[in-house]
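# Coordinate analysis (summary)
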Amino acid sequence: MAPSKRSTSTASKTPPTKKLRIGRSTSSKASSVLDHTSISGDSDNSASEEQVLVEDEDEDVDEEQPLGPLGVTKNAHAAQRVLTHQRRAAKPHSALLADAKRAWTLAQQNTISKQERATHITSLMGIVRGMIRDIVFKHDASRIVQTIVKWGSQAQRNEVATELQGRFKELAQNKYSKFLVVKLARHCPSHRLPIIMEFRSHVIRLLLHREASQIIADIYELYSNATQRAILLRDFYGRESALLPLPQKDEDATKDVRGGLPIVLQGANAEQRRRILASLKENLDLMFNNSDKGPLRHAIVHRALWEYLSEIVRTTDDGEREKTYREIFDSCKDLLPEMVHTKDGSRVVREFLARGTAKDRKDIIKVLKPYVVTMAKDEDAQFVLFTAFDVVDDTKLIAKSILPSITQNAKSLQVSAIGRRALLYLLVPRDPRYYTPAMIARISETDSLRTHTSKKSSDVRAAEICAAASSDLLSWVVCDGDEVSRETGGSLLITEIMLEAHGDKEAAIEALLVPLRTSYPPEGSPHPIDLPHTSRLYKVLLQGGHFSHVTNAIVSRPNFNPSAFASAFLRHIKSADIAGMACGEGCFVIAALLERVAADGTPGECSKLNECLCGLKEDRGKEIKGWAALSEGIRLLRSKATSVT
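Residues numbered from 1 in each chain as written. Predicted model: local features only at pLDDT ≥ 70, side-chain atom pairs only at ≥ 80, totals over all residues. Heavy atoms only, no water.

### A short note on the overall build of the protein chain
What counts is decided by this rule: Each helix is a run of DSSP H or I of at least 4 residues and each strand a run of E of at least 2, with the numbering of both proceeding from the N terminus. Exposed residues in this analysis have more than 50% of their type's maximum accessible area, buried residues have under 20%, and partly exposed residues fall in between, with area computed by a 1.4 Å probe over protein chains only. Should any heavy atoms of two residues lie within 4.5 Å, those residues are counted as being in contact.
Looking only at helices and strands, one finds 40 helices and two strands in the protein chain. Looking at the protein chain residue by residue over its 645 residues, the buried ones come to 47%. Put simply, of all contacts in the protein chain between residues at least 6 apart along the chain, 69% involve residues at least 24 apart.

Here it is, written out as C-alpha cells:
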C-alpha cells in the first residue's frame, strides 16, 4: 500500500536529524530533559518526545559538553539535583530537619572538645524541641535525637524521654527509632519503668516482632532490675496474673519479686494454678513455633521456660508431672542450641540432660554436636558440656560426638580462660585450682538428679572420659608444647595433661625438654626457665604432682612417672647449664630435680648431678633465690651417695 500524499509531503519537509546514540547516556539525558520540561510547567510545548531528544542531542553536539564517568551530562546532574531538592522541600518538617542536620553535623564530630559539643547539642535541642514526636520515626531525624540522648546532659535526655512518653511501644517497632528506645533505657534510669509499663500486655507480640524483639531483650537483660524484669515476665503468665498486683520495689516485696512464678502461684487455688501454667505453656509454644523470628535466643524466654520447668517438676502427681515434662521437652528439644548461651537457658538444657532418659540424652547430644566448639568458648554454654560429662553413662557416645570437637581444637581453646576450663574439665573436673566455689556449686545443681538417672560411678565416668581425650591432648603437646608452655595459661593446661592423661608420654616429655637445650644463661630471648609459669611447669612435673596445703605434702598422680621425667631432664640438659640454672631463676627447678634423683635416681644420675653442682659454695647462698631448698636437695643427694658407697 502506497503512502498518502500528506504523509509523503510531511516527511519531505522534515529536516534531516542526527541519529541518536543508543546507550545509558542517551536514556538518562532524555529522562532528565523530560523531567525538566515537566517541572517548568511548559504544558503548551507541542513537540513530541522524539523531537525533544533530537533538539537536545543537537545542542549537546554543538556545545560539546564533556560527559561524566557514566556518560551523564552536567546539565542532567544539575536537573536531578534540582528535582531532589524540590522533592525534599515538599516533605513535612523539611526546613526543621535541614537546620537540625547542620547542627548535628557539628555535634557528632570526634575532634571537638566537650564544651564545644555541649554547645552544639544545646543548639540542636533548641531546634527539635517540641517536634521530637513528629520527626523521630524518620531515619535521619532518629539519629539526630539519638545524638542528643548520647551526648546531651541528663536534663536534656529526660526532656526527650518526657516528650516521647506514650509512644515507646510504637518506637520499638520502627526500624529506625527502635535504637532510641534502648538509649533512653540506658541513659534515663528514672524513665525505665514508664518505658516498661508501656510494653506491658504487649511483650509476647513484641517478642515476635522483627524489629521490637531485640529491644525487649536488651531492656530485660541489660538495663532492668529484678522488679522491672518481673513486670516484663508477667505477660507470659496470661490474663489471670494481670489481676494480681504488680511487684513493687520495697523491702517487703523485694524477696517476692525475685521469686517470680512461685510467688504468683503462692495464693492461687488449684484451678487458678492450672490456668496460669496453661497460659505460660501456650505462650512458650508460641515462641517455639515461631523460632524463625528469633525469640528463642532471648534470656526473657529462657527465664519463662525455666520457671515453667521448675514448677512442673514440683507437681506431686507423678503421671501429670511426667506428661507435662514430656510435652515441653518434645516441643523444644530441637531448639536447645539456641538456649545454651544464657544462664537460665543453660540451666534448662542441663535439667533436660540430668532428668532425661538415655534416649533423651542421645537426642540432646545429637542436636548440640555441631555447636560444641562454640559452646566450649561460652561461659554459660560450657556448663551444659560439664553436665553431659557428669551424667551421661554412655561415655563412648561422649567420646564420639563431643570430645573430638574439644580436643582437636585445643590450640584455639587454650587461648582464653573459658576455653581452658572446657579442656581442664576432661582432666580434673571441679578442681578448686581452676573452678571457683560458685562454679562448682553451679555444676553441682544436677547432682541430686544424677543419683536417680545415672548408673555409673562418677569416678569411673570421669576416668573413661579422661582416657578417651588423652590421645589427642598428648599429640597436641607433642606438636605445640614448646610454644604453649611459654604462655601463662597454656603452661597450666600442659601441666595437667602430663599429670592426668593416660598413655605413653615419652614423646610429650621429649617435646617439653627440647627448648631447655639452649645454653643458660641465654644471650637473646628469655630462656624457658626464666619464665615463672614455665619454670613452675617443670618443677611440678619433677615433683610428680601439686603441693597440697591440707596434707602439707606433694600429692602424686598415678598416671605420671616423675622419675622418667628427671632422667630425661638429665639427658637433655648440659652439666654447665644445670649449674647455671641452680644459680639463676631455675633454682627451685633444680631443687626439685635434686629431691627426685635423691629419691628415685640411679647411682649414675646421682653422680652426674653431684658433679654438676660441686662448684656451688655456701657463701653464695645469699645471692641465690631459693638457696634453702637447693641446699636441702644437695644434702639429700650427697646423703644417698654416701649410703650407696
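Having seen the model, we can carry on.
### Structural notes on a positive patch on the surface
In plain terms, the rule: Here a patch means residues that are over 30% exposed by relative accessible area and free of salt bridges, tied together within 9 Å if like-charged and within 5 Å if nonpolar (Val, Leu, Ile, Met, Phe, Trp, Tyr). Using the Shrake-Rupley algorithm and a 1.4 Å probe, accessible areas are obtained, with residue cover drawn only from the displayed protein chains. Throughout this description, the term salt bridge denotes a Lys or Arg side-chain nitrogen within 4 Å of a carboxyl oxygen of Asp or Glu. Here Asp and Glu are counted as negative and Lys and Arg as positive; His is not counted, and neither are the chain ends. In this description, the location of a charge corresponds to atom NZ of lysine, CZ of arginine, CG of aspartate or CD of glutamate.
A cluster of like positive charges, contributed by Lys-362, Lys-366, Lys-369 and Lys-400, occupies part of the molecular surface. As for its position among the elements, Lys-369 is in the loop between helix H23 (358-368) and helix H24 (372-376). For Lys-369, a relative accessible area of 41% corresponds to the partly exposed category.

### Quick word on helix H19 (residues 270-289)
Applicable threshold: The length a helix should cover is 1.5 Å for every residue beyond the first. In the analysis that follows, any N or O atom pair within 3.5 Å is treated as a polar contact, provided that within protein one partner can donate a hydrogen and the other can accept it, and provided that, for residues neighboring in sequence, both atoms belong to side chains.
Between the first and last C-alpha of H19 there are 28 Å, a value that for 20 residues agrees with the 28 Å anticipated at 1.5 Å per step. Those residues of H19 that fall on the buried side of the exposure criterion are Ile-276, Leu-277, Ser-279, Leu-280, Lys-281, Asn-283, Leu-284, Asp-285, Met-287 and Phe-288. For H19, the N-terminal cap is Asn-269; the gap from its side-chain oxygen to the backbone nitrogen of Glu-271 is 3.2 Å.

### Focus on a negative patch on the surface
A surface patch of negative charge is lined by Asp-317, Glu-320, Glu-327 and Asp-330. Along the chain, Glu-320 turns up in helix H21 (residues 318-332). On the accessibility criterion, Glu-320 (37% relative accessible area) is partly exposed.

### Quick notes on the nonpolar core
Formally: Buried residues of nine kinds, namely Ala, Val, Leu, Ile, Met, Phe, Trp, Tyr and Cys, make up a nonpolar core once their side-chain atoms join them within 4.5 Å.
Ranked by internal contacts, the top residues of the largest apolar core, which has 169 residues, are Phe-236 and Phe-389. When residues in this core are grouped by element, the largest group, nine residues, is from helix H20 (residues 299-312). Non-local contacts of Phe-236, meaning those with residues more than four positions away in its chain, are made with Ile-204, Leu-207, Ser-279, Leu-280, Asn-283, Leu-284, Met-287, Ile-300, Val-301 and Ala-304.

### Structural notes on the packing of aromatic side chains
The line we're drawing: Put simply, two rings from Phe, Tyr or Trp (the six-membered ring, in Trp's case) pair if the centres are within 6.5 Å, and we call them stacked under 30 degrees between planes, edge-to-face over 60, tilted for the rest.
Summed over all chains, the structure comprises ten aromatic pairs. When the ring of Phe-386 is compared with that of Tyr-425, the centres are 4.2 Å apart and the planes differ by 15°; the resulting orientation is stacked. Of this pair, Phe-386 sits in helix H25 (residues 382-391) while Tyr-425 sits in helix H29 (residues 417-427), placing them 39 residues apart in sequence. Using a relative accessible area of 1% as the deciding quantity, one classes Phe-386 as buried. A relative accessible area of 3% means that Tyr-425 is categorised as buried.

### Here's the deal with the pairing of strand S1 (residues 545-548)
We apply this condition: We treat two strands as partners when DSSP finds at least two bridges between them.
Of the pairings in the sheet, the one linking S1 to strand S2 (residues 553-556) comprises four bridges and is antiparallel in character. In the sheet register, Phe-547 faces S2, and the bridge partner there is Ile-554. Where S1 folds back on S2, the antiparallel hairpin that results is connected by four residues, among which Asn-552 adopts a positive phi of roughly 55°.

### Concerning the packing of H29 against helix H32 (residues 458-484)
The condition is simple: Here the axes come from fitting lines to C-alpha atoms, over the contacting stretch only for helices, and the angles between their N-to-C directions go from 0 to 180 degrees. Geometric relationships in this document are graded by angle, where less than 35 degrees denotes roughly parallel, more than 145 denotes roughly antiparallel, 65 to 115 denotes roughly perpendicular, and other angles denote oblique.
The N-to-C vectors of H29 and H32 enclose an angle of 125°; their axes lie 8 Å apart at closest approach. Classified by the angle between their axes, H29 and H32 sit oblique to one another. For the pair formed by H29 and H32, the contact residues are Leu-423, Leu-426 and Leu-427 on the first element and Ile-465, Cys-466, Ala-469 and Leu-473 on the second.

### Thoughts on unusual backbone geometry
A cis geometry characterises the amide bond from Tyr-520 onward to Pro-521, with omega recorded as 0°. Turning to its location among the elements, Pro-521 is positioned in the loop between helix H34 (506-513) and helix H35 (532-543). Here the phi dihedral of Ser-201 falls at roughly 75°; this positive angle occurs in a residue that is not glycine. Take Ser-201: its relative accessible area is 59%, and that puts it in the exposed class. Residue Asn-552 is not a glycine yet carries a positive backbone phi of 55°. Examined against the element boundaries, Asn-552 turns out to sit in the loop between S1 and S2.

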